[in-house]
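Survey of secondary and tertiary structure
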Amino acid sequence: MTGRELDEEIRAELSALSGQMSAAVARHLVMAQRLLEDEPQRAYEHAMAARRKAGRIGVVREAAGVAAYMAGKYADALAELRAARRMTGSAEYLPMMADAERGLGRPRRALDLSHDPAVTGLNTAGRIEMLIVAAGARRDLGDHEAAAVSLQVPELRSNAHAEWVARLRYAYADALLAAGRDKEARRWFLRSADADIDGETDAAERAAEIGED
């Protein structure tokens, strides 16, 4: 592992550092990427080591924010992702920031972020993720019916082969279930399972738990 495993665009940002420093930061970022899913705490430690060495580089602050979020360190995640947004101007991580607000027990702040004008500029996956987070915030506030209504968007019936389709349908089914609309929830869990090609959700199991009439 040399650090050259990083995308060329990220390495270009690190070129502002001295050779040795750039290589050290790159190695930490590579390790953070590799450990993110299975060992988020160790990924966080590597990302923060990179941040201590190169805190003025946007991509490093982004990596630190994502790793903090995955490790459940929501206050750190917000601080890092806010800094990254100031540096890069990118709104890519707004859904993650909103979900971090939920993790800190602040659903109203999550809803405020969901109304940020920059959300409209996100790609489809990003906009759907923000819808899901905002619906979760409404459920945190006990408004399950409003959560379900907020997810009634045309993309529910999309035929796109994309992860966000299954996630959106799953969130909608979950909101319907919380609102006491079991029959509809079962139907949408099944539709989520149909779209979940990679088996990322337990939608089929959730539908089975509800059972048929």
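The structure presented is a predicted model; accordingly, all values stated were derived computationally and were not measured. (Residues numbered from 1 in each chain as written. Predicted model: local features only at pLDDT ≥ 70, side-chain atom pairs only at ≥ 80, totals over all residues. Heavy atoms only, no water.)

Remarks on the nonpolar core
For the record, the criterion: The definition of a nonpolar core used throughout is a set of buried Ala, Val, Leu, Ile, Met, Phe, Trp, Tyr and Cys residues joined through side-chain atoms within 4.5 Å. Per-residue accessibility, obtained with a 1.4 Å probe over protein chains only, is compared with the maximum for each type, and a residue is labelled buried under 20%, exposed over 50%, and partly exposed between these values. For helices the rule is a DSSP run of H or I covering at least 4 residues; for strands it is a run of E covering at least 2, with both sets numbered from the N terminus onward. As annotated, the domain borders come from an automatic or database domain assignment.
In this structure, Leu94, Met97 and Ala98 are the most contacted members of the largest nonpolar core, which totals 31 residues. Where this core is concerned, the elements lending two or more residues are α2 (19–35), α3 (40–53), α4 (58–70), α5 (74–88), α6 (94–103), α7 (107–114) and α8 (124–140). Composition of this core by domain shows at least three residues from each of domain 1 (1–90) and domain 2 (92–212). Within the second largest apolar cluster, 24 residues are counted, among which are Ile132, Ala135, Ala147 and Phe189.

Points about the layout of surface pockets
To keep things clear, this is the line we draw: Grid spacing is 1 Å over the protein atoms alone, the probe is 1.4 Å, and a cavity is where that probe fits but cannot get out, while a pocket is an open set with protein on both sides within 12 Å along at least five of seven lines and lining residues have an atom within 4 Å of a point. Grid points are joined across faces, edges and corners, and a volume is the space filled by probe spheres set on the points.
The volume enclosed by the largest pocket comes to roughly 950 Å³. In this structure, the largest pocket is lined by 30 residues; those nearest its centre are Glu129, Ile132, Val133, Glu163 and Arg167. Secondary-structure elements contributing two or more residues to the lining of the largest pocket are α6, α8 and α10 (163–178). Of all the elements, α8 adds the most residues to the lining of the largest pocket, at nine residues.

Examining the domain arrangement of the protein chain
Our working rule: Contacts between residues were defined by any pair of non-hydrogen atoms, one from each residue, lying within 4.5 Å. Reported buried area values correspond to the accessible surface (1.4 Å probe) lost by two parts on association, with both partners' losses combined.
Taken domain by domain, the protein chain comprises domain 1 (1–90) and domain 2 (92–212). For domain 1 and domain 2, the distance between their C-alpha centroids amounts to 28 Å. Contacts between the two partners involve ten residues from domain 1 and, on the opposite side, 13 residues from domain 2. Summed over both sides, the interface between domain 1 and domain 2 buries roughly 1,100 Å², with carbon and sulfur atoms accounting for 70% of that surface.

Some points on the side chain of serine 22
Note the cut-off: The term polar contact refers here to a pair of N or O atoms within 3.5 Å; inside protein, the definition further demands a hydrogen-donor-capable atom paired with an acceptor-capable atom, and it admits residues adjacent in sequence only when both atoms are side-chain atoms.
Relative to the elements of secondary structure, serine 22 occurs in helix α2. Among the polar contacts made by the side chain of serine 22, one reaches the main-chain carbonyl oxygen of leucine 14 at a distance of 3.4 Å. Setting aside anything within four residues of it in sequence, one finds serine 22 in contact with Leu14, Ser15 and Leu17.

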